[in-house]
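# Structure at a glance
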Amino acid sequence: MSNLDGMKRAVILQKPSGTIAIGGNMDIRERKFYNAFLKVAEEILKKDPKQHIFTTTLTELKKALNVKEKDKNNATLKKIIRRMHEIDFEYNVLGKDKIIEGYASLIDNVKFVTDLRTGTITVSYSLPEDVRISMVKKNGIYASINLVVVKGLKSKYSVVLYELIRDYEKVEIPKMSITDFRKIFGVENKYKEMANLRRRVLEPAIKELNNNENIDFLVSYELIKQGKAYTHIKFHVKPKPTQIKLKQQAKKVLSEELKENTEAKELLAMIPPEYREKAKVVSVVLGGLKERGKDYTKAQIEYTVEKYKAGKVKDFVIYLKKAIEEDYAGFERVETDILTPEDAVGFSGYIYGKNGEKVVVRIGYVEKDEDGDYLVRLDRADTGELYEWWKKDEDWLLERAKRKKEMERSL
């Protein structure tokens, strides 16, 4: 089975059309497990087309899920798999598939075997013969289902809609009756009011798909009436504009970059809740950290938040960006033109001695020589005794003088 825990962006299952438009109330784990079972069978049948029994491990199957199961004994997952075996579902509800049809369980002949030494649970199963034959001969109608995308979806309705759209990738999705729609989405006996159906099923599924950076289409729908009742639904699909794709991809990159950046998380926590999760704000804060450092960026955030709370900021994002670019907080506002090399006296830092030891030193004295260079006396910070003399130029000393002023200002 393909490893869904890896960094691959696509693990493709060539899924028979008749196994997509299935009538029956499957939950999201059952749908993801079913795809995993089909993927295992697909790989095995490529090597041995006569195979009827397929085996995998429960650990591999669980990789199709985007959650960590807390059930250490796997009793819940075993129960889900048994249900897939015990309940008959209606295949090919829309009549698109020419090979698979009728009622059957999703998998048959299910067995669990536990290795007492390792604790590994092996799952063996078979597929309904129509499905197995369809996967062997590959002369039916198939949809290319990206299992990595499916794994990331949070709603079972999103999974159903995604697979339905992929099944009609090259042709227009036909208008379907509300009855068939309810069958396929597993809501035959739920959300009787159309307002609830839209609010609980349609709108969340469409929002999740349209906001997914790994999906290259946008979907919408229309409800069709005959008289006073809604009788049909029509889905419309169009390619996702490049601008939206790039925006979603950029948001994903920011999310990945933020995941391990504790300093950025700390700074974002200082920002008002209504702004801290906006992609532009995250980008500005990450940029400030990289270019100017934590203390500088923190000072600009504090200054911006103070002005925002005082009602003096119209656009928080733009103001924060400008603050970081132009140092509104005055973090680096040191008048270098009135500093002299002698102002570096008292600056302290550490160096590594001849034996590799770390020594904290302080500039104790500065004197200009005949060549225009400066003799710099370094004293040990702990005893005040002479450590050594350095020869440095004016720019080096002015930089230390500036840093000394900044540190004094921050105290």
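Higher on the page you've got the structure.
Residues numbered from 1 in each chain as written. Predicted model: local features only at pLDDT ≥ 70, side-chain atom pairs only at ≥ 80, totals over all residues. Heavy atoms only, no water.

### A few points about the overall build of the protein chain
- When you go through the protein chain residue by residue, the secondary structure sums to 15 helices and 14 strands.
- Burial analysis of the protein chain (411 residues in total) assigns 43% to the buried set.
- Long-range pairs, those at least 24 residues apart, make up 60% of the contacts in the protein chain between residues at least 6 apart in sequence.
- Summing over all exposed atoms, the protein chain offers an accessible surface of approximately 23,300 Å²; the carbon and sulfur share of this is 48%. (Helix = DSSP H or I, 4+ residues; strand = E, 2+ residues; numbered from the N terminus. Buried < 20%, exposed > 50% of the residue type's maximum accessible area, 1.4 Å probe, protein only. Contact = heavy atoms within 4.5 Å. Areas by Shrake-Rupley, 256 points an atom, 1.4 Å probe, with all protein chains shown as cover.)

### Some remarks on the pattern of salt bridges
- Enumeration according to the criterion identifies 17 salt bridges in this entry.
- Arg29 is the salt-bridge partner of Asp27, the closest N and O atoms lying 4.0 Å from each other.
- Classification of Asp27 as partly exposed rests on a relative accessible area of 25%.
- Residue classification places Arg29 among the partly exposed residues on the basis of a relative accessible area of 25%. (Salt bridge = Lys/Arg side-chain N within 4 Å of Asp/Glu carboxyl O.)

### Here's the deal with the sheet that holds strand β10 (residues 229-239)
- Read across the open sheet, the three strands follow the order β8-β10-β9; overall the sheet is antiparallel. Taken across any chain shown, the strands that pair with only one partner, and hence form the sheet edges, are β8 (176-177) and β9 (217-226).
- On the sheet, helix α6 (residues 156-167) packs against β8, β9 and β10 and is oriented at approximately 95° with respect to β9.
- Relative to β9, helix α8 (residues 194-210) is tilted by about 160°, and along the sheet it contacts β9 and β10. (Pairing = 2+ DSSP bridges. Axes fitted to C-alpha atoms, helices over the stretch in contact; angles between N-to-C directions.)

### Topic: the sheet that holds strand β14 (residues 386-392)
- The strand order across the open sheet formed by four strands is β11-β12-β13-β14, and the pairing between neighbours is antiparallel. Since the sheet does not close on itself, it has two edges, and those belong to β11 (348-352) and β14, each with one partner. Within this sheet the neighbouring strands show an average axis-to-axis angle of 40°, counted without direction.
- Relative to strand β13 (residues 374-380), strand β12 (residues 358-368) runs antiparallel, the two being bridged by seven bridges. Directly across from Ile363, in β13, lies its bridge partner Leu378.

### Section: a nonpolar patch on the surface
- A cluster of nonpolar side chains, contributed by Tyr350, Tyr352 and Val360, occupies part of the molecular surface with about 350 Å² of accessible area.
- Inspection of the secondary structure puts Tyr350 in strand β11.
- You can call Tyr350 partly exposed: its relative accessible area is 48%. (Patch = residues over 30% accessible without salt bridge, like charges linked within 9 Å, V, L, I, M, F, W, Y side chains within 5 Å.)

### Some details on the packing of aromatic side chains
- Tallied over the full model, the rule gives 13 aromatic pairs.
- Ring centres 6.3 Å apart and planes at 40° place the aromatic pair Phe181 and Phe235 in the tilted group. In this pair, Phe181 is assigned in helix α7 (residues 178-185) and Phe235 in strand β10, connecting sequence segments 54 residues apart.
- Of the residues examined, Phe235 reaches a relative accessible area of 2% and is grouped as buried.
- Its guanidinium or amino end placed over the ring of Phe112, Lys78 lies 5.7 Å from that ring's centre, counting from NZ or CZ. (Phe/Tyr/Trp six-rings, centres within 6.5 Å; stacked < 30°, edge-to-face > 60°. Lys NZ or Arg CZ within 6 Å of the ring centre and 35° of its normal.)

### Description of helix α14 (residues 316-326)
- Regarding α14, the residues found buried are Phe316, Val317, Leu320, Ala323 and Ile324. Along the long axis of α14, the arc covered by the buried residues comes to 125°, so they all point the same way.
- As for α14, its buried residues are in contact with α11 (273-276), α12 (279-292) and α13 (294-309).
- The distance from a side-chain oxygen at the start of α14 to the backbone nitrogen of Val317 is 3.1 Å, and the residue carrying that oxygen is Asp315.
- Phi turns positive, to about 55°, at Asp327, one or two residues after α14. (Arc of directions from axis to C-beta. Polar contact = N/O pair within 3.5 Å; in protein donor to acceptor, adjacent residues only side chain to side chain.)

### Points about the pairing of strand β6 (residues 121-126)
- Of all six residues making up β6, five are buried, and the element is well covered by its neighbours.
- In this structure, strand β2 (residues 54-57) lies alongside β6, joined through four bridges in antiparallel fashion. Across the sheet, residue Thr57 finds its bridge partner in β6, namely Thr122.
- Across five bridges, the pairing between strand β5 (residues 108-114) and β6 is antiparallel.

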